[in-house]
Amino acid sequence: MEPAAGITERLLERLSRARRLVVLTGSGVSHESGVPTFRGRDGLWKKYRAEELATRQAFEFDPELVWRWYDYRRQLIAEAAPNPAHEAIARLESHREHFDLVTQNVDGLHSRAGSRSPIELHGNIWRARCTREGLTKELKENPLRDIPPRCHKCGALLRPDVVWFGEPLPPSAYERADTAARTCDAMLVVGTSAMVRPAASLPLIAKHNGAYVVEINVSLTPISVLIDASLVGRAGEILPELVDRLLDREGGRKPLIPGSSEKTESPSR
Ligand code: NAD
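Source: prediction; values computed, not measured.

For the rest of this paragraph, the subject is the site of the ligand. The ligand sits among 27 residues. The nearest are Glu-32, Arg-39, Gln-104, His-122 and Asn-217. Ser-193 places a side-chain nitrogen or oxygen 2.7 Å from an oxygen atom of the ligand. Surface burial for the ligand is 93%, taken as the share of its 850 Å² of free accessible area covered by protein chains. Considering every element that reaches the shell around the ligand, the biggest residue donor is helix α2 (residues 28-31), with 3 residues. For the shell around the ligand, a count of residues per class yields 7 nonpolar, 15 polar and 5 charged.

A pair can form between side chains of opposite charge whenever their charged atoms are brought close. Inspection of every chain in the model, using the stated rule, returns 18 salt bridges. Between Arg-245 and Glu-9 there is a salt bridge, and its shortest N-O distance comes to 3.7 Å. With Arg-245 in helix α10 (residues 235-249) and Glu-9 in helix α1 (residues 9-17), the pair connects residues that are 236 residues apart, well separated along the chain. Look at Arg-245 and you get partly exposed, because its relative accessible area is 29%. Among the salt bridges present, the one from Glu-60 reaches Arg-56, with a minimum N-O distance of 3.1 Å. With Glu-60 and Arg-56 both in helix α4 (residues 56-61) and 4 residues apart, the pair spans about one turn of that helix. According to the relative accessible area criterion, Glu-60 is exposed, its value standing at 55%.

This brings us to the packing of helix α6 (residues 84-94) against α10. The geometry of α6 relative to α10 is characterised by a closest axis approach of 7 Å and an angle of 25° between their N-to-C directions. In terms of axis orientation, α6 runs roughly parallel to α10. The interaxial crossing formed by α6 with α10 has left-handed handedness. For the pair α6 and α10, contact is made by Pro-84, Ala-85, Ala-88, Ile-89, Arg-91 and Leu-92 and by Ala-235, Gly-236, Leu-239, Pro-240, Val-243, Asp-244, Leu-246 and Leu-247, respectively. When grouped by side-chain class, the residues that make up the contact of α6 with α10 number 11 nonpolar, 1 polar and 2 charged.

Before going further, it helps to examine the sheet that holds strand β8 (residues 212-217). What the 6 strands build is an open sheet, ordered β3-β2-β1-β7-β8-β9; its pairing is parallel. Every other strand in the sheet has two partners, leaving β3 (119-120) and β9 (229-232) as the edge strands with one partner each. Where β8 meets β9, 4 bridges bridge the pair, whose relative direction is parallel. Opposite Glu-215, over in β9, you have Ser-230 as the bridge partner. Across the sheet, α1 lies against β1 (20-25), β7 (186-190), β8 and β9, angled at about 120° from β8, the strand it touches most.

All right, on to the environment of Trp-126 then. The residue Trp-126 is located in strand β4 (residues 123-130) in this model. A C-alpha to C-alpha distance of 9.8 Å links Trp-126 and Ala-78, two positions 48 residues apart in sequence.

Moving on, we get to the sheet that holds β4. Within the open sheet, the 3 strands sit side by side as β5-β4-β6. Their pairing is antiparallel. In this open sheet, the two strands that pair with only one neighbour each are β5 (136-138) and β6 (158-162). When strand polarity is set aside, the average angle formed by the axes of neighbouring strands in this sheet is 45°. Where β4 meets β5, 3 bridges bridge the pair, whose relative direction is antiparallel. What sits directly across from Arg-127, in β5, is Glu-138.

In this description, an aromatic ring pair is defined by two values, namely the gap between the centres and the angle between the planes. In this structure the tally under the stated criterion is 2 aromatic pairs. Plain terms: the ring middles of Phe-59 and Trp-164 are 5.3 Å apart, the flat faces sit at 40° to each other, and that makes the pair tilted. Linking Phe-59 in helix α4 with Trp-164 in the loop between β6 and α8 (171-183), this pair joins segments that are 105 residues apart in sequence. Accessibility expressed as a relative area gives 2% for Trp-164, which makes it buried. Ring centres of Trp-69 and Tyr-70 lie 5.0 Å apart, and the angle between their planes is 70°; this geometry places the pair in the edge-to-face category. When sorted by exposure, Trp-69 lands in the same class as Tyr-70, which is buried. The lysine or arginine in question, Arg-73, covers the ring of Trp-69, its NZ or CZ lying 4.8 Å from the ring centre.

A word on the packing of α1 against α10. Two numbers describe how α1 lies on α10: the axes approach to 10 Å, and their chain directions differ by 70°. By the angle between their axes, α1 is roughly perpendicular relative to α10. Regarding α1 and α10, the two cross each other, and that crossing is right-handed. For the pair formed by α1 and α10, the contact residues are Glu-9, Leu-11, Leu-12, Glu-13, Leu-15 and Ser-16 on the first element and Leu-242, Arg-245, Leu-246 and Arg-249 on the second. Counted by class, the contact of α1 with α10 contains 5 nonpolar, 1 polar and 4 charged residues.

The rules behind the values
- The residue numbers shown here count from 1 along each chain, following its written sequence.
- pLDDT decides what is reported in this predicted model: residues at 70 or higher carry local features, side-chain atom pairs at 80 or more are listed and counted, and totals for whole chains, interfaces and linings draw on all residues regardless.
- Only hydrogens and water are set aside; all other atoms, that is, all heavy atoms of the structure, feed into the side-chain values.
- Note on definitions. A residue lies near a molecule or strand when any single heavy atom of the residue is within 4 Å of it.
- Side-chain atoms alone can form a polar contact between residues adjacent in sequence; in general such a contact is a pair of N or O atoms within 3.5 Å, and within protein one must be able to donate a hydrogen while the other accepts it.
- Per-residue accessibility takes into account occlusion by the displayed protein chains alone, with areas from the Shrake-Rupley method and a 1.4 Å probe.
- Counting from the N terminus, the helices are the DSSP runs of H or I reaching at least four residues and the strands are the DSSP runs of E reaching at least two.
- Classes in brief: Ala, Val, Leu, Ile, Met, Phe, Trp, Tyr, Cys and Pro nonpolar; Asp, Glu, Lys and Arg charged; the others, Gly included, polar.
- The rule for a salt bridge is simple: a side-chain nitrogen of Lys or Arg has to be within 4 Å of a carboxyl oxygen of Asp or Glu.
- Partly exposed residues are those whose accessible area sits between 20% and 50% of the maximum for their type, while under 20% is buried and over 50% is exposed, using a 1.4 Å probe and protein chains only.
- The axes used here are C-alpha line fits, helices contributing only the stretch in contact, and every angle between their N-to-C directions lies in the interval 0 to 180 degrees.
- What sets the label is the angle itself: under 35 degrees gives roughly parallel, over 145 gives roughly antiparallel, 65 to 115 gives roughly perpendicular, and the rest give oblique.
- Each helix crossing is assigned a hand: it is left-handed if the near helix lies turned anticlockwise from the far helix by less than a right angle, otherwise right-handed if that turn is clockwise.
- Any pair of residues with heavy atoms lying within 4.5 Å of one another is described as a contacting pair.
- For two strands to count as paired, DSSP must find a minimum of two bridges between them.
- Classification of ring pairs uses Phe, Tyr and Trp, with its six-membered ring standing for Trp, and accepts pairs whose centres are within 6.5 Å; under 30 degrees between planes counts as stacked, over 60 as edge-to-face, and the remaining range as tilted.
- Sitting over a ring, as applied to charges here, requires NZ of Lys or CZ of Arg to be within 6 Å of the ring centre and within 35 degrees of the ring normal.

Shown next, in the form of structure tokens:
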């Protein structure tokens, strides 16, 4: 493993050489936007653990409580803006032909920063799903008027279109992420504790298939000893520098799609 801190020439060289690049993000990438991670302590809701609310059992027992928690989180996210880490990832993508962004986040901040089609492994908090028919729809009303919200068509309860603890990932999203991990030449793993499976396996799948794997995190994680380098620090500070130096090294390549990393509108409040 390379020294814990420091963007070395060797690291830049390996990332530059990578034809296929994957970035995998977790909740740490949105922390500097003011969106709390699950493992941090969080104001009003601190008496609950996320694992007690983000489950099907909790929803079946008390859908109103679970939706109130989601309504609170949706308000936090609506007030948040993409930070320099989200923006650096979008900038990197705009200079690459073969690039995949895989996120465990449900906040939609990558898209707001200009990322084109993030693979959202755990769904999106701005969508809801009918518990009877399974149909999904955008639900951007914020704050929600009726809690718990119901399906306009059939009257059944809606649930957040996110993956709860104990549920499988959407198969198509996982297949795309798994293929990206198997075929990439390098992977950046940003702000994830590497504890929530199966997403946590993706860096190891990439490593096993010969990719150069680098993590960026404020602390070391269970995968630190298994990968090539750990850059310890805030994603919002390290990623912009890393991307700048990478693009400088590559001769300041022009974006493949001009303007593709520009910010888009935030969701309606
Ligand atoms: P986690 O809470 O387990 O871990 C977050 C990781 O981010 C930690 O390793 C922490 O050290 C690191 N971190 C915190 N601040 C950072 C920063 N500024 N820069 C770099 N790293 C930083 O989160 P997880 O691994 O993503 O897993 C929890 C699950 O909770 C996820 O699957 C996700 O679906 C869900 N979640 C999503 C959001 C969101 O959408 N923003 C927020 C909370 C939880």
